[in-house]
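# Residue-level structure breakdown
In case you want the letters, here they are:
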Amino acid sequence: MTIILGIESSCDETAAALVSDGRVILAQHIASQDEAHRPYGGVVPEIAARAHAERLAPMIAATLADAGMTLADVDAIAATAGPGLIGGVMVGLVTAKALAMAAGKPLLAVNHLEGHALSPRLADADLAYPYLLLLVSGGHCQILWVEGVGRYKRLATTIDDALGEAFDKTAKILGLGYPGGPAVERLAATGDARAVPLPRPLLGSAEPHFSFAGLKSAVMRARDAGIYADADMAAAFQQAAIDCVIDRLKRSMDGLNESLGRASALVVAGGVAANTAIRSALEGLAASRGLRFVAPPLALCTDNAAMIAWAGIERFAAGHSDSLDVAARPRWPLDPDAAPARGAGVKA
Ligand code: KG4
Ligand code: ZN
């Protein structure tokens, strides 16, 4: 049995987890910093890095204690090495290096996006490669063809805001506070999406990418008009976002032609994958194309260390490990060969 300690610190969640190659999460701790960032309406990188530095070491000790283990029982140590807020990434990666060195264990520098991309395989032993993945988080919005560990083809990305970012900005416009996604979803459930006309950027476009900046601006104009109920604006925003996501996925599916037949499933991952309305729309799309639909349990969607440990397990099994001088990377595309999207360079 292989057991890996995973560490996550790339944004505002500090997390540690022990995961086995039998897909068992032996122990895990996660601390969100929502309270610390709430007054600012978004994540403040310096505050985040300091909080990771305070919390991470005792959290790792507690995770090992919960599993009744020491570092000697662990086969390797995996940490997010990017992309993300660099101060936080450095705290997690340097901690992992120190533990790896002290315990004489291999180090695995994990791409946070790979953690999200492979997280559905931690929960679902039947999810085989290749699969078509919608990766939607606070920083990224991509459609990926996942061929295997370390083997990704990016089919689409956003030319401006990520989907989670659009949810967070909409929440801010509607005064719902931070983090915005769950708050918008809750309010949307009580509203009428047809009550507020909102645009669907790039709908039907031959270009494969996403765009959400115009949608967010339209929500702002709707609020300023002063005639719409907050719940209706939330519902209209969420529906417009869903329409865009489904349209863009159809575009990618059509572009794949007969390769789509090789896909074992349509898969969603990342924080926004926690959204029930989006999950059910994706389920409908998958069914209409004769594909299985796979979404991780909600706790594996938002940032966590179990997904980093699992990506570590997959990389370790494939014979990878990293040297102690591996660098923390603020940007780290999963598919470095992808053609740059219009306006991109921002969200690789
Ligand atoms: O994956 P994640 O935890 O962190 C990043 O890697 O970015 O994603 C966080 C994002 C935030 O933008 C948050 O608002 C969004 O995921 N999110 C949601 C929901 N839960 C989290 N968006 C829509 N509906 C939700 N239920
Ligand atoms: Zn994430």
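Cut-offs used in this document
Residues numbered from 1 in each chain as written. Chains lettered and ligands numbered in written order. Predicted model: local features only at pLDDT ≥ 70, side-chain atom pairs only at ≥ 80, totals over all residues. Heavy atoms only, no water. Donors = N, O, S within 2.8 Å, 3.2 Å for Na, K, Ca; no water. Tetrahedral: all angles 85-135°; square planar, octahedral: opposite > 155°, others 65-115°. Helix = DSSP H or I, 4+ residues; strand = E, 2+ residues; numbered from the N terminus. Buried < 20%, exposed > 50% of the residue type's maximum accessible area, 1.4 Å probe, protein only. Near = heavy atom within 4 Å. Polar contact = N/O pair within 3.5 Å; in protein donor to acceptor, adjacent residues only side chain to side chain. Areas by Shrake-Rupley, 256 points an atom, 1.4 Å probe, with all protein chains shown as cover. Nonpolar A, V, L, I, M, F, W, Y, C, P; charged D, E, K, R; others polar. Axes fitted to C-alpha atoms, helices over the stretch in contact; angles between N-to-C directions. Parallel < 35°, antiparallel > 145°, perpendicular 65-115°, else oblique. Contact = heavy atoms within 4.5 Å.

### Observations regarding the coordination of the zinc ion (ligand 2)
Within the protein, the zinc ion (ligand 2) binds to His-112 (NE2), His-116 (NE2) and Asp-303 (OD); these donor distances fall in the range 2.0 to 2.1 Å. Taken together, the 4 donor atoms coordinating the zinc ion (ligand 2) span angles of 94 to 138 degrees at the metal, a pattern that classifies the geometry as irregular. All donors of the zinc ion (ligand 2) belong to a single chain; written as a sequence motif, their spacing is H-x3-H-x186-D. You can see His-112 and its partner His-116 sitting in helix H4 (residues 112-123), 4 residues apart, about one turn around the helix. Residue His-112 is classed as buried on the basis of its relative accessible area, which comes to 7%.

### Topic: the site of ligand 1
Around ligand 1, 18 residues are found, and the nearest of them are Gly-138, Asp-168, Gly-181, Glu-185 and Asp-303. Gly-138 is positioned with one of its backbone polar atoms (N or O) 2.8 Å from an oxygen atom of ligand 1. At 2.9 Å from an oxygen atom of ligand 1 is found a main-chain nitrogen or oxygen belonging to Asp-303. Contact with the protein chains covers 89% of the free accessible surface of ligand 1, which is 560 Å². When contributions to the shell around ligand 1 are tallied by element, the ones reaching two or more residues are H4, helix H5 (163-173) and helix H6 (180-188). In terms of residue class, the shell around ligand 1 is built from 5 nonpolar, 10 polar and 3 charged.

### Concerning the packing of H4 against helix H11 (residues 306-317)
Each pair of packed helices gets described by two things: the angle between the helix axes and the distance between those axes. Contact geometry of H4 with H11 gives a least axis separation of 8 Å together with a crossing angle of 85 degrees. Classified by the angle between their axes, H4 and H11 sit roughly perpendicular to one another. Of the residues in H11, those touching H4 at His-112, Glu-114, Gly-115, His-116, Leu-118, Ser-119, Arg-121 and Leu-122 are Ala-306, Met-307, Ile-308, Trp-310, Ala-311, Glu-314 and Arg-315. Class assignment of the residues belonging to the contact of H4 with H11 gives a composition of 7 nonpolar, 4 polar and 4 charged.

Keep in mind these values describe shape, not function.
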